[in-house]
Amino acid sequence: MHYTPATAANVYSESEVPVSLLDDDAIDVTDMTTQTRRALDEILPPVDPSVRDEECRFAYFPWRKSLVKIPGPISYRRLRLDRNRHKLTAADLDAAAKLRVGIVGLSVGHAIALTLALEGLAGELRLADFDDLELTNMNRIPATLLDIDTNKAIVASRRISEIDPYLTTSVFTEGITNENIDEFLDGLDLVVEECDSFDVKVLVRHRCRELGIPVLMETSDGGTLDVERFDLEPERPLFHGLAGDLRIEDLVGLDRAHLTPLAVKVLEPARVTAPMAASAIELGHTVTAWPQLAGDVLLGGATVAAAVRRLVQGRPLPSGRVRFDRDTWLDGLSDPLDGAGGTDAGTAESLAHNEIPVDEMSDLELITHAAARAPSAGNQQPWRISVDDDTVTIALDRDRTSTLDVEHRASAVAVGAALHNARVAAASRGVLDDIEIVEDDQTVLGRVRLKGLGAGVHAPEYESDLQALLARSTRRGPGDGSPLGDEDLLRLTAVADTETTRLVPLSDRTRITTFASISDRSDRARFLTPELHREMFAELTADPAAGAGIDIASLDLPPAMAGMLDVLRRADVMSLLDEWGGGAALGADAAARVASASGILLLVQSGRTRADYLRAGLVVEQLWVAAERLDYTVHPMTPAFLYALDDATARTLSDNHGDLLAGLRREMDELCPVADDEAVTIALRVSRSDSPAVRSRRLEV
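Residues numbered from 1 in each chain as written. Predicted model: local features only at pLDDT ≥ 70, side-chain atom pairs only at ≥ 80, totals over all residues. Heavy atoms only, no water.

(A) Region of interest: the overall build of the chain. In terms of helices and strands, the chain carries 28 helices and 21 strands. In terms of principal-axis extent, the alpha carbons of the chain reach across some 105 × 60 × 40 Å. Carbon and sulfur atoms make up 52% of the accessible area of the chain, which amounts to about 32,400 Å² in all. Counting 72 positive and 115 negative side-chain charges, the chain places the centres of these two groups 1 Å from one another. (Helix = DSSP H or I, 4+ residues; strand = E, 2+ residues; numbered from the N terminus. Areas by Shrake-Rupley, 256 points an atom, 1.4 Å probe, with all protein chains shown as cover. Lys, Arg positive; Asp, Glu negative; His and termini not counted. Charge placed at Lys NZ, Arg CZ, Asp CG, Glu CD.)

(B) Up close: the pattern of salt bridges. Within this structure, the stated rule accounts for 41 salt bridges. A salt bridge links Asp 226 to Arg 321; its shortest N-O distance comes to 2.5 Å. Within this pair, whereas Asp 226 is found in strand β10 (residues 224-228), its partner Arg 321 is found in strand β11 (residues 320-323), the two being separated by 95 residues in sequence. Relative accessible area serves as the criterion here: at 0%, Asp 226 is assigned to the buried category. Among the charged side chains, a network of salt bridges with common partners joins Glu 193, Lys 201, Arg 205 and Glu 228. (Salt bridge = Lys/Arg side-chain N within 4 Å of Asp/Glu carboxyl O. Buried < 20%, exposed > 50% of the residue type's maximum accessible area, 1.4 Å probe, protein only.)

(C) Structural detail: the packing of aromatic side chains. What the rule picks out here adds up to 6 aromatic pairs. Consider the rings of Phe 61 and Trp 63, whose centres lie 5.8 Å apart with planes at 75°: the pair is edge-to-face. Classification of Phe 61 as buried rests on a relative accessible area of 7%. A ring pair is formed by Phe 172 and Phe 184, whose centres lie 5.1 Å apart and whose planes are at 85°; its orientation type is edge-to-face. With Phe 172 in strand β7 (residues 168-172) and Phe 184 in helix α8 (residues 181-185), this pair connects stretches of sequence that are 12 residues apart. Each member of the pair, Phe 172 as well as Phe 184, is classed as buried. Sitting over the ring of Trp 624, Arg 472 keeps its end group 4.7 Å from the ring centre. Sitting over the ring of Tyr 632, Arg 688 keeps its end group 3.8 Å from the ring centre. (Phe/Tyr/Trp six-rings, centres within 6.5 Å; stacked < 30°, edge-to-face > 60°. Lys NZ or Arg CZ within 6 Å of the ring centre and 35° of its normal.)

(D) Region of interest: the packing of helix α6 (residues 108-119) against helix α7 (residues 152-163). Direction vectors running N to C along α6 and α7 enclose 15°, while the axes themselves pass 10 Å from each other. As summarised for this structure, α6 and α7 are arranged roughly parallel, according to the angle between their axes. Here α6 runs over α7; the crossing is right-handed. Across the interface between the two elements, His 110, Ala 113, Leu 114, Ala 117 and Leu 118 from α6 touch Val 155, Ala 156, Arg 159, Ile 160 and Ile 163 from α7. Considering only residue class, the contact of α6 with α7 consists of 8 nonpolar, 1 polar and 1 charged. (Axes fitted to C-alpha atoms, helices over the stretch in contact; angles between N-to-C directions. Parallel < 35°, antiparallel > 145°, perpendicular 65-115°, else oblique. Left-handed = near helix turned anticlockwise from the far one by under 90°. Contact = heavy atoms within 4.5 Å. Nonpolar A, V, L, I, M, F, W, Y, C, P; charged D, E, K, R; others polar.)

(E) Highlighting the confidence of the model for the chain. The predicted model of the chain has a mean per-residue pLDDT of 89, with 94% of residues at 70 or higher. Long-range and interchain partners of residues 1-5, a stretch whose pLDDT sits below 50, account for 11 contacts in this model, where long-range means more than four residues apart. The low-confidence segment residues 340-353 (pLDDT under 50) makes 23 contacts with residues lying over four places distant or belonging to another chain. (pLDDT = per-residue confidence, 0-100.)

(F) Highlighting unusual backbone geometry. Of note, the amide linkage connecting Leu 44 to Pro 45 takes the cis form, showing an omega dihedral of -10°. With respect to the helices and strands, the residue Pro 45 is situated in the loop between α2 (33-42) and α3 (49-52). Cis geometry marks the peptide bond from Arg 85 to His 86; its omega dihedral reads 5°. Tracing the chain through its elements places His 86 in the loop between α4 (73-80) and α5 (90-96). Here the phi dihedral of Asp 149 falls at roughly 75°; this positive angle occurs in a residue that is not glycine. Tracing the sequence through the fold places Asp 149 in the loop between β6 (124-128) and α7. We classify Asp 149 as exposed; its relative accessible area is 61%. Residues other than glycine seldom take positive phi values, yet His 240 does so here, at roughly 65°. Following the sequence through the fold, His 240 ends up in the loop between β10 and α10 (248-251).

(G) How the structure looks around the sheet that holds strand β19 (residues 599-606). Read across the open sheet, the 4 strands follow the order β16-β19-β21-β20; overall the sheet is antiparallel. Two strands in the sheet have a free side with no partner beyond their single neighbour: β16 (501-506) and β20 (633-636). Ignoring strand direction, the axes of neighbouring strands in this sheet form an average angle of 30°. Taken together, the 6 bridges between β16 and β19 define a ladder with antiparallel strand orientation. Counted as the bridge partner of Leu 506 is Ile 600 from β19. Where helix α20 (residues 509-528) meets the sheet, its contacts fall on β16, β19 and β21 (678-687), and the angle it forms with β16 comes to roughly 95°. (Pairing = 2+ DSSP bridges.)

(H) The sheet that holds strand β8 (residues 190-193), seen in detail. Read across the open sheet, the 7 strands follow the order β7-β6-β5-β8-β9-β10-β11; overall the sheet is mixed. Each end of this open sheet is capped by a strand with a single partner; those strands are β7 and β11. Pairs of neighbouring strands in the sheet enclose a mean axial angle of 15°, with direction left out of account. Strand direction decides the pairing type here: β6 and β7, joined by 5 bridges, are parallel. Counterpart to Ala 128 in the pairing with β7 is Phe 172.

Rendered as structure tokens:
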């Protein structure tokens, strides 16, 4: 090993820095600790006081004649790698700090060493190259004219040391030879091989296989990354066997003309890029060496760093080969605007109004139309509507359900709302006889029995009720926070207090804030639970032709959240947030909407059968319309756990956040106590708001 003081920085404690350096006028002395202390004070999460109080050091760079006062190693690393989070966790970086990596060949290897150092993916780097930097190297090596005629390994080591003086680097300026390879490999966890000499490539792999050290190689051509896990497969053939059963002794004395075909075999001649394949023929004729571009080399640094991250994180990285060909990627450019399809509130509303005018509908058409306009969780419309001569039947459709619709309770509420609509429509035409509710082991349904169909006798006293039902909408925009009026509350209570239901209003700020907190944490759990997350986004649609689901335009999302919607729908992102214990912002929108409300209307029902939920659904629709008639907007904000009537059931809703949902269910019980034979049917947020009404999509009846 050839090592000189001019290869890496010398780091001294404050008490040990040589006086000669401080007193030498030719040496530039800089203190960066004032700025770094300020940065440590601002960093999140706050650092431990012991880190801030860590003793500073002096780093001396002989080749620059510069002495720099820097933070101690712990605070330096904390600041320098802060922006790695959350792509690399603290545990990942701790593991990386122990990693010892050898890099052979410092042309492509320079970019790789630099990237590993920048990302903090090694605690020690050993750099081997016998060659000095030449001007012809500077199409791909990030060096300067001042580095010309300096050994390539030293150039790389100096640059890394100027980035992180605490990172151990050592250089082998003779390159790799039979005599020094064991010294180079001793104690290494990984080797990155990027040299030009094919015999050295074989030598490195042969010895790494014997020692159980994995080898990575990035060829630059077509972004090809090679992984040979000799630590996992001690008998694996070199280069995956592409060049046959290579032995070191077979390569002794071979010239370039004989080695080049072997190198081409390793690259897979049918798959190398055309310029590289052509250059293999032209070597020694029109080109003196393999062609390389800076972009390919820099991409290689990024690719190898990604592979090393996987090793550090304990993620799968099997032996094999993969190509990151930028030209192929660019051939696949697509316009994100093509076929994006989006819709807006106006489009959704016009589609919804593409119906026969109410006055032109027959009695049965009106009744089924009104029933289908009822609200339902996720706008899934979980009913089947059928008619015969004197009956309209609205049956629960068990196929349209979700995890949160425990035992189809939410669906039963929707069927009840549809039954109320059908009843009012029948009454407005003077054909209502009565209604009945039927429940058996298979389903629950409501029937509207009719009389005098087609007689043409309208009942004006029900016309306004019908118009209000048909105009009902969900308006999700924020409110102005104005209080729920006492007179309004009396009117709403009069509607909700029946033989089987009662109203529990949350109208004071303290109780609204409590419900906001519950909604916040409930929504976060929904985002972070894979099945609930999948179902939530399956309900959303921007397809103008979709008959069910919630129109994205109707969500009235704040700009920041709307811009992140495609990120929020990604399951892999949610998984990482959950792994990190993050995602605090996921429920913030729900909490803000609750906080903006005039009040929260909790309808409490007697009984817990599906028929009881259906009966309560009749009242839900009446309460909703009554609130709109008082000029409130209505938005159902049902917590994820609402239809789980005990802690055990709440826990089944989420494998990773079941305990949280069970705890929230108990908090809800404290906020709205119910008897053993009661249950909360729904939670309606009522607000004063000018958010637009967007008419819900509907499936054909």
